[in-house]
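Spelled out from the first residue to the last, the chains are:
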Amino acid sequence: MINSATFDFLEDLAANNNRDWFQANKLRHDEARNNVLEFAEKLIAKLSKIDPAVSSELDPKSCVMRIYRDVRFSKNKTPYKTNFGAGFSENGKNFKGAGYYLHIHPEQSFLAGGCWMPEGDMLKAIRQEIDYNGADFHEIIDDRAFKKYFDSPDSEYKLKTPPKGYQPDHQDIEYLKLKSFTFSHALTRKELSGSNAVEEVCNGFIRLYPFIAFLRNAVS
């Protein structure tokens, strides 16, 4: 489970996002990060039994992201993230294709999976796979249990017009316009703090696995 102290630290960090406060509370950060690492380790053990691309030997430290923000190209100059994030793939958080993600935040936690902002060749391959194998794609995303849990794909990053090579009346044009191919599901603080938190998250990842496999097949 994610400890209450971890959420409390993130809440306090959001209210005091500066280096002096962080240094004075470094021990709290380290304890919170260790809690997330332990949680990630348990997730890896379960996920590896479902997805062969995720090794049971995957180091949780390669999955959990640092809390320090890269402010070089951002208008937001606060030095620290106010969440913990963890990515799970063959290469941990360093996705080279499809993978899983967990976002831990006092009020906006979620799990997600897919390909986030793939580069040109990969993006083209995914669109081609949807075009050529639309029936397989819809068998996954239109499944009643999948749709109830995830609803629609994330559409924050989407073209306004059809991508090159596709007609506006293509039956899957709204999916082909996507620049990221991900689904997400919100999680409550109560769910992540509960004794079944690892199972809750892993069950979400299990639901995502057929979609992840579809994407991997597209870019293989």
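Residues numbered from 1 in each chain as written. Predicted model: local features only at pLDDT ≥ 70, side-chain atom pairs only at ≥ 80, totals over all residues. Heavy atoms only, no water.

**Q** Please explain the pattern of salt bridges as it appears in this structure.
**A** The tally for this structure, following the rule as stated, stands at 8 salt bridges. Salt-bridge contacts for Arg-189 lead to Glu-11; the nearest nitrogen and oxygen are separated by 3.3 Å. With Arg-189 in helix H8 (residues 189-193) and Glu-11 in helix H1 (residues 4-15), this pair connects stretches of sequence that are 178 residues apart. We note a salt bridge from Arg-28 to Asp-12, for which the minimum N-O separation is 2.9 Å. Linking Arg-28 in helix H3 (residues 26-47) with Asp-12 in helix H1, this pair joins segments that are 16 residues apart in sequence. By relative accessible area, Asp-12 is classed as partly exposed at 31%. Connected via shared salt-bridge partners are Asp-8, Glu-11 and Arg-189. (Salt bridge = Lys/Arg side-chain N within 4 Å of Asp/Glu carboxyl O. Helix = DSSP H or I, 4+ residues; strand = E, 2+ residues; numbered from the N terminus. Buried < 20%, exposed > 50% of the residue type's maximum accessible area, 1.4 Å probe, protein only.)

**Q** Looking at this structure, I do not really get H3. What am I missing?
**A** Helical periodicity: at 3.6 residues per turn, an α-helix aligns residues three or four positions apart in one direction. Between its first and last C-alpha, H3 extends 31 Å over 22 residues, near the 32 Å set by a 1.5 Å rise per residue. In the core, the buried residues of H3 are packed alongside H1, helix H2 (19-24), strand S1 (84-88), strand S2 (99-104), H8 and helix H9 (197-219). (Expected span 1.5 Å × (residues − 1). Contact = heavy atoms within 4.5 Å.)

**Q** It is not clear to me how the nonpolar core should be interpreted in this structure. Could you clarify?
**A** Soluble, globular proteins show a tendency: their nonpolar side chains are buried together. Grouped together as the largest cluster of nonpolar side chains are 59 residues, with contacts concentrated most on Phe-88, Leu-102, Phe-205, Leu-208 and Phe-211. When residues of this core are assigned to their parent elements, the largest contribution, 11 residues, is made by H9. Filtering out sequence-adjacent residues up to four positions away, Phe-211 remains in contact with Gly-113, Gly-114, Phe-137, Ile-140, Ile-141, Phe-146, Phe-181, Thr-182 and Phe-183. (Core = buried A, V, L, I, M, F, W, Y, C linked by side-chain atoms within 4.5 Å.)

**Q** How should I be thinking about the packing of aromatic side chains in this particular structure?
**A** For any pair of aromatic rings, the description rests on two quantities: the centre-to-centre distance and the angle between the ring planes. Tallied over the entire structure, the rule returns 16 aromatic pairs. For the ring pair Phe-22 and Tyr-68, a centre distance of 5.8 Å and an interplane angle of 65° mean the geometry is edge-to-face. You can see Phe-22 sitting in helix H2 and its partner Tyr-68 sitting in the loop between H3 and S1, a full 46 residues away along the chain. The class for Phe-22 is buried, based on a relative accessible area of 0%. By relative accessible area, Tyr-68 is classed as partly exposed at 31%. In this structure an aromatic cluster arises from ring pairing among Phe-9, Trp-21, Phe-22, Tyr-68 and Tyr-80. Positioned above the aromatic ring of Tyr-149 is the side chain of Arg-207, whose terminal nitrogen or guanidinium carbon lies 4.3 Å from the ring centre. (Phe/Tyr/Trp six-rings, centres within 6.5 Å; stacked < 30°, edge-to-face > 60°. Lys NZ or Arg CZ within 6 Å of the ring centre and 35° of its normal.)

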